[in-house]
Amino acid sequence: MSRIKWTEKKIAERQKAGYGEGSGSAYNPWLEVFDLSSTGRSRRVWSSKTGRAHHLFSDVEHDIFIAAEWSRSVIDIREQYPLDREITQTVAHDLKIRHPHYPGTQVPTVMTVDFLLTVRTADGEDYIALNAKRDEEAEDEISLEKLEIQRSYFQALGIPHHLIYHSRIPKQKIANIYWIRDAQLKTGETEPHAGFYDQLKSRMAGELASYDASEATSLAAYCASFDARYGVEPGTGLRIARMLMQERALLANLNSPNLANDPIGSFLMTSRAGRLRAVGGKNAV
């Protein structure tokens with residue numbers, strides 16, 4: 001339930017304050033997790049891609065966010081993006097659907113799409129709108145009416161609009177991306193010394209470049225050996241490997257049920273030490 005008492009004055013105040021405006025690190029979502037009296041599965045998640053914390057209201061939104069942040073074609077992620085009320089009300093009228101109102105009021109709701117993605121294309125940049133839903137919402141009449149308004153809204157703007165149900169999300173792939181993502185330096189985290197991780201990434205990249213597809217040693221076993229050989233804390237090597245995966249210097253099969261147990265030969269090193277770069281490959285995403 002919203003903590004905000006929605007009135008036309010409150011909407012005007014939020015618009016003036018810049019909610020729902022901006023891009024990249026300067027974007028302010030129309031709704032934030034603090035606006036809800038019961039947060040449930042809501043959370044704030046930092047993104048190094050956008051340089052800000054994202055406000056996500058469900059596990060479905062979180063999974064979609066993780067996938068969007070991983071994708072190299074997605075260059076900006078704007079969640080809880082507000083739609084123009086004049087247009088949504090016109091669309092609702094044309095569809096003969098009652099426009100949603102804030103509970104207990106006659107104030108038309110500022111409708112939001114869960115995500116508006118900016119994607120890189122061969123011709124420049126484009127937009128994609130996404131709504132995240134749980135499967136049980138598929139039969140909810142009010143939810144479907146809202147989605148129909150949004151579908152027509154974005155169709156009029158020439159922006160593709162997609163509905164993603166939780167059951168259709170590739171859970172193993174998302175889990176692996178999250179595992180890779182979790183190895184990256186956290187906000188406020190410091191290295192043992194300047195350049196510590198870059199130096200180890202360069203060493204590991206150089207070693208892995210010499211491995212071939214027949215190598216049966218598991219990634220975990222190789223990383224444990226790496227820790228011992230370079231005298232670093234146990235687990236450091238596996239973290240370095242995940243950092244290389246994040247940079248796409250080391251490509252992995254994201255559908256694997258356990259990447260750490262996969263043989264070294266199943267990974268693809270795409271660049272030489274000191275010259276890390278992202279390239280395409282059969283395991284790339």
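Residues numbered from 1 in each chain as written. Predicted model: local features only at pLDDT ≥ 70, side-chain atom pairs only at ≥ 80, totals over all residues. Heavy atoms only, no water.

1. Digging into the sheet that holds strand 4 (residues 112–121)
Strand order in the open sheet made by the four strands is 3-4-5-6, with mixed pairing throughout. Edge strands, defined here as strands with exactly one partner in the open sheet, are strand 3 (74–82) and strand 6 (161–165). Between one strand and the next, the sheet's axes are offset by a mean angle of 30 degrees, whatever the strand orientation. (Pairing = 2+ DSSP bridges. Helix = DSSP H or I, 4+ residues; strand = E, 2+ residues; numbered from the N terminus. Axes fitted to C-alpha atoms, helices over the stretch in contact; angles between N-to-C directions.)

2. Side note on the side chain of R78
Within the fold, R78 resides in strand 3. From its side chain, R78 meets the backbone oxygen of G22 in a polar contact 3.4 Å long. What R78 contacts, discounting residues up to four positions off in sequence, is G22, S23, Y27, R52, D114, F115, L116, T118 and Y127. (Polar contact = N/O pair within 3.5 Å; in protein donor to acceptor, adjacent residues only side chain to side chain. Contact = heavy atoms within 4.5 Å.)

3. Here we look at the pattern of salt bridges
A complete count under the given rule lists 15 salt bridges for this structure. For E207, the salt bridge identified is with R229, shortest N-O distance 2.8 Å. Taken together, the residues E207 in helix 6 (residues 196–208) and R229 in helix 7 (residues 219–230) connect sequence positions 22 residues apart. Owing to a relative accessible area of 43%, R229 belongs among the partly exposed residues under this scheme. A network of salt bridges, in which partner residues are shared, links R41, R43 and D59. (Salt bridge = Lys/Arg side-chain N within 4 Å of Asp/Glu carboxyl O. Buried < 20%, exposed > 50% of the residue type's maximum accessible area, 1.4 Å probe, protein only.)

4. Concerning the packing of helix 6 against helix 7
For the pair helix 6 and helix 7, the least separation of the axes is 12 Å and the interaxial angle reads 125 degrees. Here helix 6 is positioned oblique relative to helix 7, judged by the angle of their axes. As for the relative orientation of helix 6 and helix 7, their crossing is right-handed in sense. Packed against helix 6, whose contacting residues are L200, R203, M204, E207 and L208, the element helix 7 presents Y222, C223, F226, R229 and Y230 at the interface. Residues belonging to the contact of helix 6 with helix 7 are distributed by class as follows: seven nonpolar, no polar and three charged. (Parallel < 35°, antiparallel > 145°, perpendicular 65-115°, else oblique. Left-handed = near helix turned anticlockwise from the far one by under 90°. Nonpolar A, V, L, I, M, F, W, Y, C, P; charged D, E, K, R; others polar.)

5. Some words on unusual backbone geometry
The phi angle at K96 is positive, at roughly 60 degrees, despite the residue not being glycine. For K96, the position within the fold is in the loop between helix 3 (85–95) and strand 4. A positive phi angle is found at R248, which is not glycine, with a value near 65 degrees. Looking at the element boundaries, R248 is found in the loop between helix 8 (236–246) and strand 7 (250–251).

6. Structural notes on the pairing of strand 5 (residues 124–133)
Taken residue by residue, a regular strand's side chains alternate between the two faces of the sheet. Here strand 4 runs beside strand 5; their pairing, made up of seven bridges, is antiparallel. The residue bridging L117 from the neighbouring strand is I128, located in strand 5. The turn linking strand 4 back onto strand 5 is made up of two residues. Sheet topology places strand 5 next to strand 6; five bridges connect them, and they run parallel.

Such coordinate-based values are descriptive only and should not be taken to indicate function.
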